[in-house]
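Residues per chain, in single letters:
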Amino acid sequence: MIMITATEFKKRRKQISKVIGNDSIAIIKARDICLRNGDADYKYRPDSGFYYLTGCHEPDSLVVICPDGKKGDDILFCREIDPKNVIWNGPMLGLKGAKEELLFDNSFEINYVNEIIPKLMLGRDKVYFMLGVDSEFDKQIVEWTNAVKKEKWARSEAPHELVSLKAIIDDMRVYKSKEEIKCMQKSADIAAQGHVKMMQACRPGIYEYNLNAVFLHSITNHNSQASYLPIVGGGENACILHYINNNHELKDGDLVLIDAGAECDYYASDITRTFPVNGKYSKEQKELYDIVLNAHTAALNKAKPGNHWNEPHDAAVEVITQGLMDIGLLKGDLKSNLEEHNYTQFYMHKTGHWLGLDVHDCGEYSVDGLWVELEPSMVMTIEPGIYVATDAKVPKKYRGIGIRIEDDVLITKDGCKILSDKLPRTTDEIEELMRKKT
Ligand code: GLY
Ligand code: MN
Ligand code: MN
């Protein structure tokens with residue numbers, strides 16, 4: 001199932017090695033298992049940064065990258081295969097697997113970290129790690145550097161600088177490789193299919209959780225899982241941006257906004273569609289929908305190399321503001337509505353974010369006050385919306401309508417490719433699809 005090869009993971013570790021240099025060491029720990037309640041754990045998912053560098057799915061693991069290290073550049077500390085654990089929890093990687101399957105130069109049992117890591121630190125100036133992610137681990141790093149100093153003769157050989165590794169890994173993760181793009185395409189395809197199934201299963205009288213179940217059934221059948229808790233907001237629930245209760249009845253005449261993505265090989269998709277519960281958009285729903293769709297198109301047109309991060313957002317905001325003025329939801333002129341941010345009562349979030357191993361993927365949006373420039377192989381979402389609160393001072397017919405259209409977009413050499421393009425987007429296409437009910 002893993003599409004990213006061990007060679008690609010190895011290449012990433014080599015890249016870290018090159019960037020930090022021979023006077024440094026990098027140490028990255030896998031996140032711990034998280035207890036849900038009683039003695040039941042949450043399903044284990046390695047944190048994205050650790051997985052990105054290792055391809056390792058196991059807790060109790062830690063990677064050390066020590067450029068030009070005598071014992072090799074990269075070392076995985078992990079659990080040795082324990083036959084009893086295998087009986088309860090299935091196959092384990094083990095020390096041999098770390099070298100043979102994941103191409104580590106060396107591997108040690110995780111229990112030996114305290115003994116070995118200070119030795120690996122000896123003679124290195126800087127320790128790179130994910131500073132500030134896990135305060136216990138921050139302390140552990142300090143303890144290891146202090147352990148080097150304990151030996152009098154080694155005092156001057158102890159690292160004297162602790163540096164965050166985050167910016168280095170984040171910068172790498174922003175550019176997706178061919179294999180990563182394949183994973184993301186797969187993830188988008190699977191989610192798109194789940195959305196189609198929800199559109200076709202929808203009818204008045206069912207509950208939001210019924211559509212949630214349709215989505216989960218569809219993606220689970222592709223050996224995938226939700227990349228975040230799905231939002232299934234019928235009627236005015238669509239205006240609650242992070243609505244996850246999904247427990248209301250879907251009413252004839254209402255829209256339902258569904259924001260749901262799949263995770264494949266740890267890569268996320270993040271897709272939103274808003275469709276009529278009864279299969280037909282009302283006049284007002286279509287008016288607002290088409291404004292959002294035009295904003296989506298305007299943003300897409302700006303999603304190309306050379307443009308800066310915020311250009312798609314600026315374009316979407318302008319179309320939404322003009323559209324709201326055209327139907328009388330905003331008064332005044334375009335310039336002042338934009339300058340005074342009057343549109344934020346109806347459109348209060350950004351038009352997108354980076355997408356990858358995390359739904360809101362790592363990576364800067366601006367550096368030193370300047371927006372980041374879009375470049376080929378970056379992946380982002382485009383997700384404009386309009387949300388009219390139930391108490392908004394607008395004609396009653398518009399109140400309680402919430403609409404978002406969200407797609408996953410790869411920046412290419414000439415522009416962009418919509419990874420989630422298999423899912424219809426226009427009102428005509430969606431109504432047509434909903435006529436083919438299951
Ligand atoms: N699903 C979360 C988001 O759209 O950002
Ligand atoms: Mn999103
Ligand atoms: Mn979303």
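Above this text you will find the structure in question.
Quick summary incoming for the structure in this document.

What counts and what doesn't
- Residues numbered from 1 in each chain as written.
- Chains lettered and ligands numbered in written order.
- Predicted model: local features only at pLDDT ≥ 70, side-chain atom pairs only at ≥ 80, totals over all residues.
- Heavy atoms only, no water.
- Core = buried A, V, L, I, M, F, W, Y, C linked by side-chain atoms within 4.5 Å.
- Buried < 20%, exposed > 50% of the residue type's maximum accessible area, 1.4 Å probe, protein only.
- Contact = heavy atoms within 4.5 Å.
- Near = heavy atom within 4 Å.
- Areas by Shrake-Rupley, 256 points an atom, 1.4 Å probe, with all protein chains shown as cover.
- Nonpolar A, V, L, I, M, F, W, Y, C, P; charged D, E, K, R; others polar.
- Donors = N, O, S within 2.8 Å, 3.2 Å for Na, K, Ca; no water.
- Tetrahedral: all angles 85-135°; square planar, octahedral: opposite > 155°, others 65-115°.
- Helix = DSSP H or I, 4+ residues; strand = E, 2+ residues; numbered from the N terminus.

We now examine the nonpolar core. By size, the foremost hydrophobic cluster in this structure holds 66 residues, and its most contacted members are Leu211, Val256, Phe275, Leu288, Ile386 and Val388. With residues up to four places along the chain from it excluded, the contact list for Val256 reads Cys202, Leu211, Val232, Gly233, Gly234, Leu250, Arg273, Thr274, Phe275 and Val277. The next biggest cluster of nonpolar side chains, apart from the first, holds 42 residues, and it includes Leu93, Ala98, Cys183 and Leu357.

Taken together, Tyr228, Asp259, Asp270, His353, His360, Glu383 and Glu406 make up the full set of residues adjacent to ligand 1. Alone, ligand 1 offers 190 Å² of accessible surface; in the complex the protein occludes 85% of this. Among the residues making up the shell around ligand 1, the classes are represented as 1 nonpolar, 2 polar and 4 charged.

Quick look at the coordination of the manganese ion (ligand 2) now. At 2.0 to 2.2 Å from the manganese ion (ligand 2) lie its protein donor atoms, namely Asp270 (OD), His353 (NE2), Glu383 (OE) and Glu406 (OE). Around the manganese ion (ligand 2) sit 6 donor atoms, and with donor-metal-donor angles ranging over 51 to 156° the site reads as irregular. Metal-to-metal, the separation of the manganese ion (ligand 2) and the manganese ion (ligand 3) is 3.3 Å; Asp270 coordinates the two. Taken as a pair, His353 in the loop between helix H12 (334-339) and strand E15 (366-367) and Glu406 in the loop between strand E19 (402-404) and strand E20 (407-411) lie far apart in primary sequence, 53 residues in all. Take His353: its relative accessible area is 8%, and that puts it in the buried class. By relative accessible area, Glu406 is classed as buried at 0%.

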